[in-house]
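Structure at a glance
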Amino acid sequence: MGKKKSIVDFYEMKKKGEKVSWITAYDYPMASFAEQAGLDMILVGDSLGMVVLGYQGTIPVTMDDCISHCQAVRRGAPNTYVIGDMPFGSYQVSDEDAVINACRFLKEADMDAIKLEGGVRVLSKIKAISDAGIVVFGHIGLTPQSSGQLGGFKAQGRTVDSARELIKDAIAIQEAGARALLLEAVPPELTEYISKKLSIPVYSIGAGLPCDGQLIICGDMLGLFQAFTPKFVKKYANVAEIITNAFKEYVADVKGEKFPEDKHVYHAIDSKEAFEALFREFEQ
Ligand code: KIV
């Protein structure tokens, strides 16, 4: 296992053209698999609301949910750069709220950085958190917390007018002090332009190849999350099928008394006769 990376390493990787591999994880086992596999970064996304907690979207996710999942991920991946995702309502109200909640990710869950969604309208929050000494990742394009305003989970920046606003957002986010930027569901031409224009690393989720690295949701790429799969997901496994088949086999084994077998039980140390005498004691 390599040395834990820092934000400086990610700047170096951008300079050298070395791509960052980034995945979401929400619990101890997934985080430890990610670390064993050599992922560069983990995001404890508020997508946990859908992928793990079964909500329709990310809006109901609370700060306490995020902290608890970040703590589990940190226990599973002590040597990986982990970013905590600020949930809806934890930074929108005031700069002070934003700093207090961002600090919780570092103090209570040992996160390396935080991510928040939005462009020019959250600049004061990015600046305040960054001024508090915390590494901030911006996130623009398809921003799930504002999918209501976007008219659903829709790709962004596909027209010149929309792309212009995203370029302005990206530049302003860097100027406000963000140390990295995530682009979600925008055309690759725009991704390429923004990643060349900015000096901070620019990463993609559904935004194509030409940037500094890729993020994917673990539940999507593993085939664990079945409600819907965005166009930009590549499925590397069908874990839902593996788990469901294992459960079905277990049900059949239990019903057919094929489990547990002799090798799965703890045999008594004392003799059969001694146990029979014990049982007789309770029958008198
Ligand atoms: O919550 C999350 O996993 C995210 C990704 C969709 C980028 O923010």
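Since we're looking at a predicted model, the values are computed, not measured. (Residues numbered from 1 in each chain as written. Predicted model: local features only at pLDDT ≥ 70, side-chain atom pairs only at ≥ 80, totals over all residues. Heavy atoms only, no water.)

Let's shift gears to the overall build of the protein. If you tally the helices and strands in the protein, you get 12 helices and eight strands. A globule of 284 residues ought to have a C-alpha radius of gyration of about 19 Å, yet the protein, at 24 Å, is considerably larger. For the C-alpha atoms alone, the extent of the protein along its principal axes is close to 85 × 40 × 35 Å. Partitioning the intrachain contacts of the protein with sequence separation of at least 6 by distance along the chain shows that 58% fall at a separation of at least 24. Of the side-chain charges in the protein, 31 are positive and 38 negative, and the distance between the mean point of each set is 8 Å. (Helix = DSSP H or I, 4+ residues; strand = E, 2+ residues; numbered from the N terminus. Rg over C-alpha atoms; globule rule 2.2 N^0.38 Å. Contact = heavy atoms within 4.5 Å. Lys, Arg positive; Asp, Glu negative; His and termini not counted. Charge placed at Lys NZ, Arg CZ, Asp CG, Glu CD.)

Contact geometry of helix 2 (residues 28-37) with helix 4 (residues 63-76) gives a least axis separation of 7 Å together with a crossing angle of 40 degrees. In this view, helix 2 runs oblique relative to helix 4, as classed from their interaxial angle. Note that helix 2 runs across helix 4; the crossing there is right-handed. Here Tyr28, Ala31, Ser32 and Glu35 of helix 2 lie close against helix 4, whose contacting residues are Ala72, Val73, Arg75 and Gly76. (Axes fitted to C-alpha atoms, helices over the stretch in contact; angles between N-to-C directions. Parallel < 35°, antiparallel > 145°, perpendicular 65-115°, else oblique. Left-handed = near helix turned anticlockwise from the far one by under 90°.)

In this section: the domain arrangement of the protein. Here the protein is partitioned into domain 1 (7-237) and domain 2 (242-281). A C-alpha centroid distance of 47 Å is found between domain 1 and domain 2. (Domains from an automatic or database assignment.)

A few words now on the nonpolar core. Counting residues in each nonpolar core, the largest one holds 70 residues, and the members touching the most others are Trp22, Phe137 and Leu181. Residues in contact with Trp22, not counting those within four places in the same chain, are Leu39, Met41, Ile42, Leu43, Ile83, Phe137, Leu182, Tyr203, Gln214, Leu215 and Ile216. (Core = buried A, V, L, I, M, F, W, Y, C linked by side-chain atoms within 4.5 Å. Buried < 20%, exposed > 50% of the residue type's maximum accessible area, 1.4 Å probe, protein only.)

Taken together, Thr24, Leu43, Gly45, Asp46, Ser47, Asp85, Lys115, His139, Leu182, Glu184, Leu215 and Ile217 form the complete shell of residues around the ligand. One of the side-chain N or O atoms of Asp46 is found 2.8 Å from an oxygen atom in the ligand. At 2.5 Å from an oxygen atom of the ligand is found a side-chain nitrogen or oxygen belonging to Ser47. Its residues placed into classes, the shell around the ligand shows four nonpolar, four polar and four charged. (Near = heavy atom within 4 Å. Polar contact = N/O pair within 3.5 Å; in protein donor to acceptor, adjacent residues only side chain to side chain. Nonpolar A, V, L, I, M, F, W, Y, C, P; charged D, E, K, R; others polar.)

Glancing now at the packing of aromatic side chains. In this description, an aromatic ring pair is defined by two values, namely the gap between the centres and the angle between the planes. Throughout the structure, instances matching the rule amount to nine aromatic pairs. Taking the centre distance of 5.0 Å and the plane angle of 80 degrees together, the rings of Phe10 and Tyr81 count as edge-to-face. Here the residue Phe10 occupies a position in helix 1 (residues 7-16), and Tyr81 occupies one in strand 3 (residues 81-85), the gap between them amounting to 71 residues. Tyr81 carries the same exposure label as Phe10, and that label is buried. Members of the aromatic cluster, joined through ring pairs, are Phe10, Trp22, Tyr81, Phe137 and Tyr203. (Phe/Tyr/Trp six-rings, centres within 6.5 Å; stacked < 30°, edge-to-face > 60°.)

Looking now at the side chain of Ser146. In this structure, Ser146 sits in the loop between strand 5 (136-141) and helix 7 (147-150). Apart from the residues within four sequence positions on either side, Ser146 is in contact with Glu117 and Arg121.

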